[in-house]
Amino acid sequence: MRDVRDANATSDSGIPADIPTASVRTRVTVPLRFGDGYTVTADLVTFHGLADGQEHVAVVLGEPSAERPPLVRLHSECLTGDVFGSARCDCGPQLREAVERIADRGGVLLYLRQEGRGIGLYNKLDAYALQDQGLDTYEANAALGLPEDARDYTAAAQMLGALGIDALDLLSNNPDKAAQLRDLGLTVTQHVPTGVFTTAHNVRYLRAKVVHTQHTLPLTELTAG
């Protein structure tokens, strides 16, 4: 995780001056269709100059109101949940919910190539194997010698800057996302919670997110039974 709390200089966008400015590379309109039949048209935007060199994509949806900031979600890639519908996490339902809510309100979903909270797909599947032996998701990462959460949102701040966004309402249950964006010079005007998407297979995972990283989920509803 990048610590920019001591950065004094800032660019015109409010982002610290030691962070390179990104620019839009391509913007293309794509009709989207989800498994439940929901359809929406989005602009997919790619970028030059992202700090981590990854191929992150912005999904621009709806028409933002002039009266309030755009609704933004930072969604970390999850092949198992987003593509294959894994019930071991809540990533797929969160992605589906976010697209519709942002389309209704106007804003951006940043699809970030940060599989497994930044540890990569193979490590994530190794962590799943350890979870099958009784560890929770964070304990499994630690057992593999990996951080609880390796994600750095510098590139997300660059992407928002390139799109002309310096203030936003953040759709997330994760307080670290808002903290990092604020440290990176952005104004998070409101923290908007997502829905709670429980299955028989992900309750321990969701409880662990509350206990370890203070996600704003209703712990009393996340029973193990």
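Look above for the structure.
Given the structure is predicted, the values throughout are model-derived calculations rather than measurements.

Novice: It is not clear to me how the pattern of salt bridges should be interpreted in this structure. Could you clarify?
Specialist: Pairs can form between side chains of opposite charge once their charged atoms are near each other. Applying the stated criterion across every chain yields a total of nine salt bridges. Note that D36 is salt-bridged to R96, the shortest N-O span being 2.8 Å. Taken together, the residues D36 in the loop between β1 (23-33) and β2 (39-48) and R96 in helix α2 (residues 91-105) connect sequence positions 60 residues apart. The partner of R105 in a salt bridge is D169, with the nearest N and O atoms 2.5 Å apart. Of this pair, R105 sits in helix α2 while D169 sits in strand β6 (residues 167-171), and the two are 64 residues apart along the sequence. The residues R105 and D169 share a single accessibility class, namely buried. Each of D36, R96 and E100 takes part in one network of salt bridges that share partners.

Novice: Please clarify how the nonpolar core should be interpreted in this entry.
Specialist: As a rule of thumb, soluble globular proteins bury nonpolar side chains together. One finds L74, L110 and L168 to be the most contacted residues of the largest nonpolar core, which totals 26 residues. Within the residue set of this core, elements represented by two or more residues are β2, β3 (57-61), β4 (71-76), β5 (107-112), α6 (154-162), β6 and α7 (175-183). Of the residues forming this core, the biggest block, five residues, is contributed by α6. Apart from residues no more than four positions distant in its own chain, L168 is found in contact with P69, P70, V72, L160, L181, L186, T187, V188, T189 and Q190. The next biggest cluster of nonpolar side chains, apart from the first, holds 17 residues, and it includes L32, Y38, L71 and I102.

Novice: I would appreciate a short explanation of helix α4 (residues 121-131) in the present structure.
Specialist: Residue pairs three or four apart in sequence face the same way in an α-helix, which turns once every 3.6 residues. Within the sequence span of α4, burial applies to K124, A127, Y128, L130 and Q131. Take α4 and look down its axis: the buried residues cluster within an arc of 160 degrees, on one side only.

Novice: Can you help me understand the packing of aromatic side chains in this one?
Specialist: Both the distance between ring centres and the angle between the ring planes are used here to describe each pair of aromatic rings. As enumerated under the stated definition, the model contains one aromatic pair in all. Each ring, one from F34 and one from Y38, has its centre 6.1 Å from the other, and the planes form 45 degrees; the classification is tilted. By the burial criterion, F34 is buried, and Y38 matches it. Against the face of F34 rests R96, its NZ or CZ located 5.8 Å from the ring centre. Over the ring of Y138 we find R117, and its NZ or CZ is 4.3 Å from the ring centre.

Rules of the game
Residues numbered from 1 in each chain as written. Predicted model: local features only at pLDDT ≥ 70, side-chain atom pairs only at ≥ 80, totals over all residues. Heavy atoms only, no water. Salt bridge = Lys/Arg side-chain N within 4 Å of Asp/Glu carboxyl O. Helix = DSSP H or I, 4+ residues; strand = E, 2+ residues; numbered from the N terminus. Buried < 20%, exposed > 50% of the residue type's maximum accessible area, 1.4 Å probe, protein only. Core = buried A, V, L, I, M, F, W, Y, C linked by side-chain atoms within 4.5 Å. Contact = heavy atoms within 4.5 Å. Arc of directions from axis to C-beta. Phe/Tyr/Trp six-rings, centres within 6.5 Å; stacked < 30°, edge-to-face > 60°. Lys NZ or Arg CZ within 6 Å of the ring centre and 35° of its normal.

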